[in-house]
Amino acid sequence: MDQEFWLSCEKTAVLQGGFLLANQLCQPAPLSALRKEDWERVGCPIVQAVTEICGQLCGGHRDRLQWRKRILCIIWSKVLETEKGADVDVSWKENPLFAVQNSLPEINHAILFELVKSMGFFSIYVDLLQCFQSDEQCKELERLVKHVTSDCTEDDVKFLLEVWWELMKERREELDSLDQLFNIQCARFTQKPSDCSPQASKRFKLDPESATSSTCMVSVLFQGLNSIKENITSSELSYFGLSNCLDMLYTSYLLDHAADLPVEVKVQNIARSVSLKKRNGLLEGDDLAQAICDAQRDLVATLTPAQTKPSEMTLIQAMQTVLGIICSWEVKGLLKMPTHDPSDLAIRLKDGLCRVLKSLELFSENLDGNEQALISLKKTLKDLLASSSFIVPESPSTEIESVVMAILDNNLKGFQDLPKLYASKLSQTFSEAEWLSCLERNKHAFQQNDLVMTLSSTLIAKCQSDVDVNQAKKLKDIIVDIFSQLPLPDKNAALSKILSLSKKGLHGFLPSSVTAGYDEEVNLAFNSIIQSGAKSSLSSAVSAVARVAFQNPEATLYRCCHMAVVNLGAHALLAQILQQLPGLRSSPGDTKEMRNKEQNLLCLCLQATAWDKLSSPQEEDQFLQFLSALMEPSIVGQTEEKFSFLPPEEVIHAFILPYFSSSTSSSSSLELCLRLLQCILSHISSADATLWIMSCSPFPLLYCLAQLLNNCSRCWEQPVEGSTVLSVEHKGLLISVLTTLGKAVGKEVALAPSTWSRAISWLYGKAEELDWTVRFHLKDVWGEHFKYEVPSSLMAVCELSEQEWSGLVLPHYGQGTGLLAWVECCCISDHFQATMLDSLSLNLLNSDDVIMFSKGLMVAVLQTLPWCTTGEWERLLKMLRKLLHSDKLHVPYSLEYVDFLPLLDLHAFAFDLRLSVFLLRLFQLLCGSSCADWLPPHGWAHVGRLCAAAMRGIIDSVKDKVPLSPAATSSKIPESSSGVLSKEVLFVLTQLFCHVVHVQVMMPGQPEPLLLCALEILSNYEAVLATYPKSSTALQGANTRHFLTTISDNVQCTDMRAVLHQKIAQL
């Protein structure tokens, strides 16, 4: 209701009428001179008016409370205005209550006090009293005590005790508009001229400075009660008064910090209080929530230290006062406790006696010779407590149930631990249907991961006993709904906890009747994610997966792994989702200890759904990309360190080590295993700590890889049963993995060589049985521990340092095999190739030496070529070019395919032609009768691919020597093409075509890559002609087509020959 409205409404008119009638009854004396004893005669119209306003004219309980406060605010402001003497000219401008106050006669404090006492507005009175500054508050309290102690009746005593008790409690709520309004009024009438403006004033705050005021509430209240103790004649008021004394003694002198009761005890006390109020008819309407709040305030008041310490009354004085009051009432028999059915006040007194006695027993401060007061008080309180033989009744379970549900339904403050109690112990005592219904209404109150786990434990316990399946399913659904509303960090915490209990999560403890329908939920969740793809929100997808994962992590990960492999492109999205759910990963603790307990769940799911079931290259690629994404360190821990969802070491233990330790490993899965290991090792950067590698049996793994590399020399032989031989196509992958792993392990070995010395010695001893070139790949592991060991014949053709290199007498490397070892070293790496080239012993001044070296080199390359990977072959071609450029390799070029010497300058193409001739001679020798049984058909196919790759490199080199127009049109080329080597390029391309076709015709199976290479040469020939049309006349073109056709006629395969003829005809 708007302030201007309620200040001039019907209710204020009724209030005005009541005061005017009272003013008439008070005549001839003014109403402002009313005495306490005149109230019965004069106050009746005022009471009737207030009763009417707060009764039939109000719509509800809250409206009545509001009007009670409004009435007291108006009357108290009028009292202050009357007693302070306000200036009307100022008041009508500054006082918002001026209109209603001006219509009332002048009044005094007696009317205010008597009205509060008559109407029972004690709590509202205290709310407004606390709007005063501390000094003024004490003065107002002194006025009240003075009023009460004059001609004191039991109603006066009750008035004082109620106000006292309300003062000890915290405010019911924050300042409302009426409090703020009265705050301003207090400031206007109580501030001194030097004080701040009214707008700056605040409600009374108990701070250290206010504690030094001239009077204190403790003193005023204790002395007030002490002065009227003889006027009390009922036991209930005696209980009330002594309870107030003991509680104030406890909170003002003995309590240092707030105490808190266990929530179960707190609920018991509140339920008991509410039950007593109901029994005594003190609970207004159906406002159970307000009754709970009141009981909570009562409880807190006795357990919270006073905000200020008393300034006028010492502890001894307070104890003496309490002792005097007790003695006075004991003499009258007022403190005799009931033996059964105690009242609320009797129970409160017994609780207060226990608290104070416990504190006094522990009291150790120096009392300066006044210990007798302490001793006497303790004895008196003990006797009094002993006389209270009644047993505090426990609240009925129905009352506790209604109180707990009201607290949850109304979201009442001060009961933070209640949801945990409700989720656990109370689930066993409450009605199942009501408990579930309340839980469903108040899901928001349980949105913490520990409460979700408590509810899960409750569900599990219920399912282990006889429970209604429908109710169990409903409880499970509620728990999952609550989990779904948790923030992501709490979701992960709950997932981690549930996974630690069982890999099947919640469903690991529930009967199938309760988990029915889960499979459909999982399918729906993942199908929705896959179908929506990138269009869906990542957060909603994460939430959907987390929801089903909480119920059954294993089933969720199974489904996730399957979808990541078989659904095109799904692996990236699913990896993103899992990276948001680190709660589903293994703990980042000691991996060895973790493995001893149980293997990583994700790895188990991948093994079951994918590892042995990958049916296509696409599935293999998605499997590897999925794992690679999960191994990325994208999850930020509590200490800001980054870690991955799937630690690389766990992948090694789950997939790599079992493969190499198995006697039934198939060569078909070896490539995938190596690709996976390469993927794992790719997550090691130079800045990373690679210590985790050392926990993955690195030395046995290195030896297994070295064995595989050693077996690659038998790749063209018939495989022996039980042995695993890697194809030469995958040899490069194996070398890459072995080198990367060796460097990572070598890094750790270098940091602590003494720690790994025995392991290095073991590896070196095992490697001695392998080919000497394989041990080169392990040099990064043992570093300076051992030298490079090569055949002794290599030392004859190289000048190598004996500090780093040592010769070995090997059976297959006798005299004259030095160049073979030299070529094999050149294949290993660029570093070794550079070393070999620098250390080569060759006398260039002796032509015989150069010729013998060139012939020997061809034989050595011939013996190495079939077992070369693409990378090794490229390294050999690089070596050959360097030898040609340095004139160490002699390759004479003869024009075998021309009848007449062309008048061309071929100097620019000398190296290209010589390298092509070298390859031609090489393959002539390889395809000769002496080597005819070296290779199986797939071996010849591999050699054909290497030859084609080498020729393409030569073709690219030739093309680079003549610029080609992007549009390949002659309009952009000048008529005179002097300086452009177009004719030379055409001639060289013709020679290269002849070389390629020659090799193809010689080679068994006539490999297709050589045909494609020949077609590529023809395409380049055509492009040069198109760009430089004057490079060839019509007659030359016809002769060239005839010549090329004649060369291609040697191709045995009809289809290949037809393709070449068709391409030549287009030139």
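Residues numbered from 1 in each chain as written. Predicted model: local features only at pLDDT ≥ 70, side-chain atom pairs only at ≥ 80, totals over all residues. Heavy atoms only, no water.

### Some points on the overall build of the protein chain
Each helix and strand counted, the protein chain has 52 helices and four strands in total. Burial status across the protein chain gives 52% buried among its 1067 residues. Sequence-distant contacts in the protein chain: of pairs separated by 6 or more residues, those separated by 24 or more amount to 78%. (Helix = DSSP H or I, 4+ residues; strand = E, 2+ residues; numbered from the N terminus. Buried < 20%, exposed > 50% of the residue type's maximum accessible area, 1.4 Å probe, protein only. Contact = heavy atoms within 4.5 Å.)

### Considerations on the environment of Asp481
Examined against the element boundaries, Asp481 turns out to sit in helix H25 (residues 469-484). Accessibility expressed as a relative area gives 25% for Asp481, which makes it partly exposed. C-alpha separation for the pair Asp481 and Glu440, spaced 41 residues apart in sequence, amounts to 9.5 Å. Those residues in contact with Asp481 that lie beyond four places of it in its chain are Lys443 and Arg547.

### Quick notes on the pairing of strand S4 (residues 805-808)
Relative to S4, strand S3 (residues 788-791) is paired through four bridges, and the arrangement is parallel. Residue Glu789 lies in a different strand from S4, and its bridge partner there is Ser806. In the classification by handedness, the crossover that spans S3, the intervening helix H42 (residues 792-797) and the parallel S4 is right-handed. (Pairing = 2+ DSSP bridges. Right-handed = clockwise from strand over helix to strand, strands pointing away.)

### With respect to the confidence of the model for the protein chain
Per-residue confidence for the protein chain averages 86 on the pLDDT scale, and 90% of its residues sit at or above 70. Within the protein chain, the lowest mean pLDDT, 44, falls on helix H32 (residues 591-597), and the highest, 96, falls on helix H46 (residues 870-885). Counted against residues more than four places away or in other chains, residues 588-597, with its pLDDT under 50, gives seven contacts. Under a pLDDT of 50 for its full length, residues 967-978 has, in the predicted model, twelve contacts with residues more than four places off or in other chains. (pLDDT = per-residue confidence, 0-100.)

### As for the environment of Val997
In this fold, Val997 is placed in helix H49 (residues 982-1002). It is 7.4 Å that separates the C-alpha atoms of Val997 and Val1051, two residues lying 54 residues apart in sequence.

### Section: unusual backbone geometry
Residue Pro28 follows Gln27 across a cis peptide bond; omega there is 10 degrees. Checked against the element boundaries, Pro28 lands in the loop between helix H2 (10-26) and helix H3 (39-42).

### A closer look at the packing of aromatic side chains
Tallied over the full model, the rule gives 32 aromatic pairs. Ring geometry for Tyr703 versus Trp762: centroids 6.0 Å apart, planes at 70 degrees, classification edge-to-face. Here Tyr703, found in helix H37 (residues 698-711), pairs with Trp762, found in helix H39 (residues 757-767); they are 59 residues apart in sequence, far enough to count as distant. Note on Tyr703: relative accessible area 8%, which makes it buried. The ring of Trp435 carries the charged tip of Lys462 above its face, separated from the ring centre by 5.3 Å. (Phe/Tyr/Trp six-rings, centres within 6.5 Å; stacked < 30°, edge-to-face > 60°. Lys NZ or Arg CZ within 6 Å of the ring centre and 35° of its normal.)

### Some points on the packing of helix H47 (residues 910-926) against helix H48 (residues 937-959)
In contact at an axis separation of 10 Å, H47 and H48 are set at 170 degrees when each is read in the N-to-C sense. By the angle between their axes, H47 is roughly antiparallel relative to H48. Note that H47 runs across H48; the crossing there is left-handed. Note on element contacts: H48 touches H47 through Trp940, Val943, Cys947, Ala950, Met951, Ile954, Ser957 and Val958, opposite Asp912, Leu915, Ser916, Leu919, Phe923 and Leu926. (Axes fitted to C-alpha atoms, helices over the stretch in contact; angles between N-to-C directions. Parallel < 35°, antiparallel > 145°, perpendicular 65-115°, else oblique. Left-handed = near helix turned anticlockwise from the far one by under 90°.)

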